[in-house]
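What follows is each chain in one-letter form.
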Amino acid sequence: MADSATLSVTMLGAGQEVGRSCCVLQYRGKILVCDTGVHPAFSGMASLPFIDALDWSTVDAILVTHFHLDHAAALTYITEKTNFKDGKGKVYMTHPTKAVHKFMMQDFVRTSSSSSDALFSPLDMQMSLASIIPVSAHQLITVCPGISFIPYHAGHVLGACMFLIDIAGLKILYTGDYSREEDRHLVKAELPPIRPDVLIVESTYGVHTGESREEKESRFTTLVHSIIRRGGHVLLPTFALGMAQELLLILDEYWKKHPDLHNVPVYYASGLARKCMAVYQTYIHTMNANIRSRFAKRDNPFVFKHISNVPQTRGWEKKIADGPPCVVLASPGFMQVGPSRELFELWAPDARNGLIITGYSIEGTLARDIMTEPEEFTSLKGTTIPRRISVDEISFSAHVDYAQNSEFIEQVKAQHVVLVHGESTGMGRLRAAMQSRFKERDEDVKIHTPRNLETLNLSFRGERVAKAIGT
Amino acid sequence: MASSVFYKFSSQKNESRVTFDGTGISVFDLKREIILANNMGKANDFDLYVYDAATKQEYKDDSTIIPRSSSVVVKRLPASRPGRGKASMYISGAAPALPTSEPVQRSGSSAPTWHKGAMSKRFDGKEEMPSSSIPPMNPITKSST
Ligand SMILES: [Zn+2]
Ligand SMILES: [Zn+2]
């Protein structure tokens, strides 16, 4: 380990990649881990972060930013299969994150135990859940003498937080995935009230700046409508939670305004999501003003008028696929296996049908490969299927784009910025762009892009006085 | 009676074992069994490192024979060249010549797995099952818990 006045940042995952977020912070003998995710393009042991590089019994705390699998799904393995519990380490996440994490993991265990990929059992999962300490946004939490943190809203998905961490006086802001745009149900990420020494920030979209919310929504609804008009089916592969709720809010509203669509069903194919709807309803108070005021008027925005659940019977995919035009939101978002994959294979050969990719697609998954619009692809059974279905990408994933990220990075004013959760080329461009912005303004800000297990050592001059953060 | 070598990923609490016939197993074969048993063959982002559990010395040479009943520690670390992890090399069957007169005998049940690998595809174009390149969990390796 480096000397005591040096902060070491080691990525066990999400270093120049998107997936399996896991960031280890070491300072003055304390060890903190932010996020414990899996890599969606891999399965089993290979999907875990590089956890062999750490003695987990020495960890003081694990902080999980949000319920997405690429940030949270390795937690069970770490708490139950490593020596983490031999130490004094604690695990924290927000109340809604914990509530949804439970359902996400039940689903994860169910889908992965069907293969030889099962990393842990349902019992392990329950043990792990029991050890999670739920916290609230803006609450000051003292982990142990010398370590405290405050969660701030990060937008992105229900319960998502960034953590403002204080280790022996050194302040680090770890954003996790975040959004600076108020969408239909969530507040946007907050700018923490104090200036941290180090900012560890996601860079999913690199230097790409997206279109405006209005343009995006109208492009999306117009496209859906035109696919229906040409007699096709619309497939929206999406994760059961998070963006799905956002898309449902948009579609429900559009359907309301277009009576000609009332006989066209919109299916939401997720048992998991049905369970989680209760969590969404419980945490309406953490959402934005639009949602809260509708709820206050007894107009529960999460009771959709034009959305139907798919029948719980086996083979529903085939039935719906053979039926009249419809819209289906099906998981998983990357179409690796499961309902979205099955529907895709059934609909791919017909040019009337349309596929709309609405989220960020991770390298190595079908959702990413299909964007090159190949003439054909290999089905799960190994046969070759022609692709005539139209493919469009309209991203609603609640990540900051370049305009929002660069503005946030400038406002945070940290002396060191560590870019994580981005592919290496995009991250490299973002670093170059930020470096030239800071140079123009004659500000000395260092931008780092560590690879996995390439430890970044940052030295800080002068004594840090350990004191509580916040007001 | 089959022989065993016990292994533990360095972050793991519990040991697992690889069983085989003979008095030892090569580092190459051990890595292959571990990759297969943990279904890691598809990932190209890591390399495996094997260490003696007591001395913490790395077994750098894949042809080294680890005596039966030994305990080793395994680390899965990022591939030295990103995206060029060596996992597939271990399971594709491209074994280097073992400098030992005592080849490791596989037990009968594992043999079909071995021959159903990528090699056999070349001889039988009809066998298009994608799963044929991903052998099922090797029955000779099982977790001790
Ligand atoms: Zn996320
Ligand atoms: Zn993420």
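See the structure shown above.
Just so it is clear, the structure is predicted and the values come from calculations on it, not from any experiment.

Trainee: Help me understand the overall build of chain B in this model?
Mentor: Along chain B, the regular secondary structure elements total 4 helices and 7 strands. N-terminal to C-terminal, the α/β element order of chain B is β-β-β-α-β-β-β-α-α-α-β. Taken over 145 residues, chain B has a buried fraction of 42%. Long-range contacts, defined as pairs at least 24 residues apart, comprise 70% of the intrachain contacts of chain B with a sequence gap of at least 6. In the form shown here, chain B has an accessible surface area of approximately 7,700 Å², with 54% of it arising from carbon and sulfur atoms.

Trainee: How should the coordination of the zinc ion (ligand 2) be read in this particular structure?
Mentor: Expected angles at a metal are 109.5 degrees for tetrahedral coordination by four donors and either 90 or 180 degrees for octahedral coordination by six donors. All names here are of chain A. Here the zinc ion (ligand 2) is held by the protein donor atoms Asp-70 (OD), His-71 (NE2), Asp-177 (OD) and His-421 (NE2), which lie 2.1 to 2.3 Å from it. For the zinc ion (ligand 2), the 4 donor atoms in the first shell make angles of 86 to 158° at the metal, a pattern classed as irregular. Read in sequence order, the donor residues coordinating the zinc ion (ligand 2) give the pattern D-H-x105-D-x243-H. Between the zinc ion (ligand 2) and the zinc ion (ligand 1), both coordinated by Asp-177, there is a metal-metal distance of 3.5 Å. Placement of the pair is His-71 in helix 1 (residues 69-72) and Asp-177 in the loop between strand 10 (170-174) and strand 11 (198-202), with a sequence separation of 106 residues.

Trainee: How should the layout of surface pockets be read in this particular structure?
Mentor: It is the rolling of a water-molecule-sized probe over the atoms that shows where space remains empty. All names here are of chain A. Taken as a whole, the second largest pocket holds about 580 Å³ of empty space. For the lining of the second largest pocket, a count of residues per class yields 8 nonpolar, 10 polar and 7 charged. When residues of the lining of the second largest pocket are assigned to domains, at least three fall in each of domain 1 (6-208 + 398-459) and domain 2 (213-393).

Trainee: When you look at the interface of chain B and chain A in this model, what are you seeing that I'm missing?
Mentor: The accessible area lost on association of the parts is a frequent measure of interface size. Counting residues at the interface gives 22 residues for chain B and 25 residues for chain A. A combined buried area of about 1,900 Å² lies between chain B and chain A, and 52% of that area is made up of carbon and sulfur atoms. It is Ser-11, Lys-13 and Arg-76 of chain B that lose the most area in chain B upon contact with chain A, and together they represent 35% of the buried surface on that side. The tally of links between chain B and chain A comes to 1 salt bridge. A salt bridge links Asp-45 of chain B to Arg-20 of chain A, with the nearest nitrogen and oxygen atoms 2.6 Å apart. Counting across the interface, chain B meets chain A through 9 residue pairs in polar contact (both at pLDDT 80 or more). Counting residues per element, the side of chain B that touches chain A draws most heavily on strand 6 (residues 71-78) of chain B, which supplies 5 residues. Residue composition of the side of chain B that touches chain A, by class: 10 nonpolar, 6 polar and 6 charged.

Trainee: Got a minute to help me understand the packing of helix 5 (residues 213-229) of chain A against helix 6 (residues 243-257) of chain A in this structure?
Mentor: Helix packing geometry: the angle between the two helix axes and the distance between the axes. All names here are of chain A. As a packed pair, helix 5 and helix 6 sit with axes 11 Å apart at the nearest point and diverge in direction by 65°. Of the possible angle classes, the one that applies to helix 5 and helix 6 is roughly perpendicular. Crossing handedness for the pair helix 5 and helix 6: right-handed. Contact with helix 5, carried on its side by Arg-213, Glu-217, Phe-220, Thr-221, Val-224 and His-225, involves Glu-246, Leu-247, Ile-250, Leu-251, Tyr-254 and Trp-255 of helix 6 and no other residues of that element. Residue composition of the contact of helix 5 with helix 6, grouped by class: 7 nonpolar, 2 polar and 3 charged.

Trainee: Whenever I open this one, the pattern of salt bridges confuses me. Can you help?
Mentor: Pairing between side chains of opposite charge can happen when their charged atoms approach one another. According to the stated counting rule, one finds 26 salt bridges over all chains in the structure shown. Across the pair Arg-213 of chain A and Glu-181 of chain A runs a salt bridge whose closest N-O atoms are separated by 3.6 Å. Here Arg-213 of chain A, found in helix 5, pairs with Glu-181 of chain A, found in the loop between strand 10 and strand 11; they are 32 residues apart in sequence, far enough to count as distant. Of the charged contacts in the structure, one is a salt bridge between Glu-33 of chain B and Arg-32 of chain B, with a shortest N-O distance of 3.4 Å. Of the two residues, Glu-33 of chain B and Arg-32 of chain B, both sit in the buried class.

Trainee: Where do I start with the pairing of strand 1 (residues 6-13) of chain A in this structure?
Mentor: Looking down a regular strand, the side chains alternate between one sheet face and the other. Residues and elements named next belong to chain A. Counting buried positions along strand 1 yields 8 of 8 residues, so the element is predominantly enclosed. Pairing of strand 1 with strand 22 (residues 456-459), which is carried by 4 bridges, proceeds in the antiparallel orientation. In the sheet register, Leu-7 faces strand 22, and the bridge partner there is Leu-458. With 5 bridges joining them, strand 1 and strand 2 (residues 22-27) adopt antiparallel strand pairing. By the bridge assignment for strand 2, Thr-10 is matched with Val-24.

Trainee: Any chance you could explain helix 13 (residues 424-440) of chain A here in plain terms?
Mentor: In an α-helix, one turn spans 3.6 residues; hence positions three or four apart end up facing the same way. All names here are of chain A. Under the 1.5 Å per step criterion, the end-to-end length of helix 13 is 24 Å for 17 residues, consistent within 8% with the ideal 24 Å. For helix 13, the complete set of buried residues consists of Met-427, Leu-430, Ala-433, Met-434 and Phe-438. Buried residues of helix 13 fall within an arc of 130° about the axis and therefore sit on the same side. Exposed residues on helix 13 whose side chains face more than 90 degrees from its buried face are Thr-425, Arg-429, Lys-439 and Glu-440.

Trainee: So what exactly am I meant to see when it comes to the sheet that holds strand 14 (residues 307-309) of chain A here?
Mentor: Where strands meet in a sheet, backbone hydrogen bonds hold them as pairs that are either parallel or antiparallel. All names here are of chain A. On the basis of which strands lie adjacent, the open sheet formed by 6 strands has the order 14-13-15-12-16-19 and parallel pairing. Strands with a single pairing partner mark the edges of an open sheet, and in this sheet they are strand 14 and strand 19 (390-393). Each strand axis lies, on average, 25° off the axis of its neighbour in the sheet, ignoring direction. Here strand 12 (residues 234-237) runs beside strand 16 (residues 354-357); their pairing, made up of 2 bridges, is parallel. In the strand pairing of strand 16, Val-234 is matched with Gly-354. On the sheet, helix 5 packs against strand 12, strand 15 (327-330), strand 16 and strand 19 and is oriented at approximately 165° with respect to strand 16. Helix 6 rests against strand 12, strand 13 (266-269), strand 14 and strand 15 of the sheet, and its axis sits at about 165° to strand 15.

Trainee: For this particular structure, what's the right way to read the sheet that holds strand 5 (residues 90-94) of chain A?
Mentor: Residue and element names in this part refer to chain A. Read from one edge of the open sheet, 7 strands run 6-5-4-3-2-1-22, paired in mixed fashion. Each end of this open sheet is capped by a strand with a single partner; those strands are strand 6 (132-135) and strand 22. Each strand axis lies, on average, 25° off the axis of its neighbour in the sheet, ignoring direction. Alignment of strand 4 (residues 61-63) against strand 5, held across 3 bridges, turns out to be parallel. When the sheet's bridge partners are listed, Ala-61 is paired in strand 5 with Lys-90.

Trainee: What should I look at first to understand the packing of helix 12 (residues 402-412) of chain A against helix 13 of chain A in this one?
Mentor: All names here are of chain A. Packing of helix 12 against helix 13 brings their axes to within 11 Å, and their N-to-C directions diverge by 45°. In terms of orientation, helix 12 and helix 13 fall into the oblique class. Crossing handedness for the pair helix 12 and helix 13: right-handed. Where helix 12 approaches helix 13, its residues Tyr-402, Asn-405, Ser-406, Ile-409 and Glu-410 are matched on the opposing element by Leu-430, Ala-433, Met-434, Arg-437 and Phe-438.

Trainee: Where do I start with helix 12 of chain A in this structure?
Mentor: All names here are of chain A. Burial runs high along helix 12: 8 of the 11 residues are buried. Considered for burial, the residues of helix 12 that qualify are Tyr-402, Gln-404, Asn-405, Ser-406, Phe-408, Ile-409, Glu-410 and Val-412. At its buried positions, helix 12 is contacted by strand 9 (161-167), strand 10, strand 11, strand 20 (416-420) and helix 13. Here helix 12 starts with a cap whose side-chain oxygen sits 3.3 Å from the backbone nitrogen of Ala-403, and that cap is Asp-401.

Rules used throughout
- Residues numbered from 1 in each chain as written.
- Chains lettered and ligands numbered in written order.
- Predicted model: local features only at pLDDT ≥ 70, side-chain atom pairs only at ≥ 80, totals over all residues.
- Heavy atoms only, no water.
- Helix = DSSP H or I, 4+ residues; strand = E, 2+ residues; numbered from the N terminus.
- Buried < 20%, exposed > 50% of the residue type's maximum accessible area, 1.4 Å probe, protein only.
- Contact = heavy atoms within 4.5 Å.
- Areas by Shrake-Rupley, 256 points an atom, 1.4 Å probe, with all protein chains shown as cover.
- Donors = N, O, S within 2.8 Å, 3.2 Å for Na, K, Ca; no water.
- Tetrahedral: all angles 85-135°; square planar, octahedral: opposite > 155°, others 65-115°.
- 1 Å grid on protein atoms, 1.4 Å probe; cavity = no way out; pocket = protein on both sides within 12 Å on 5 of 7 lines; lining within 4 Å.
- Points joined across faces, edges and corners; volume = space filled by probe spheres on them.
- Nonpolar A, V, L, I, M, F, W, Y, C, P; charged D, E, K, R; others polar.
- Domains from an automatic or database assignment.
- Buried area = accessible area lost by both parts, 1.4 Å probe.
- Salt bridge = Lys/Arg side-chain N within 4 Å of Asp/Glu carboxyl O.
- Polar contact = N/O pair within 3.5 Å; in protein donor to acceptor, adjacent residues only side chain to side chain.
- Axes fitted to C-alpha atoms, helices over the stretch in contact; angles between N-to-C directions.
- Parallel < 35°, antiparallel > 145°, perpendicular 65-115°, else oblique.
- Left-handed = near helix turned anticlockwise from the far one by under 90°.
- Pairing = 2+ DSSP bridges.
- Expected span 1.5 Å × (residues − 1).
- Arc of directions from axis to C-beta.

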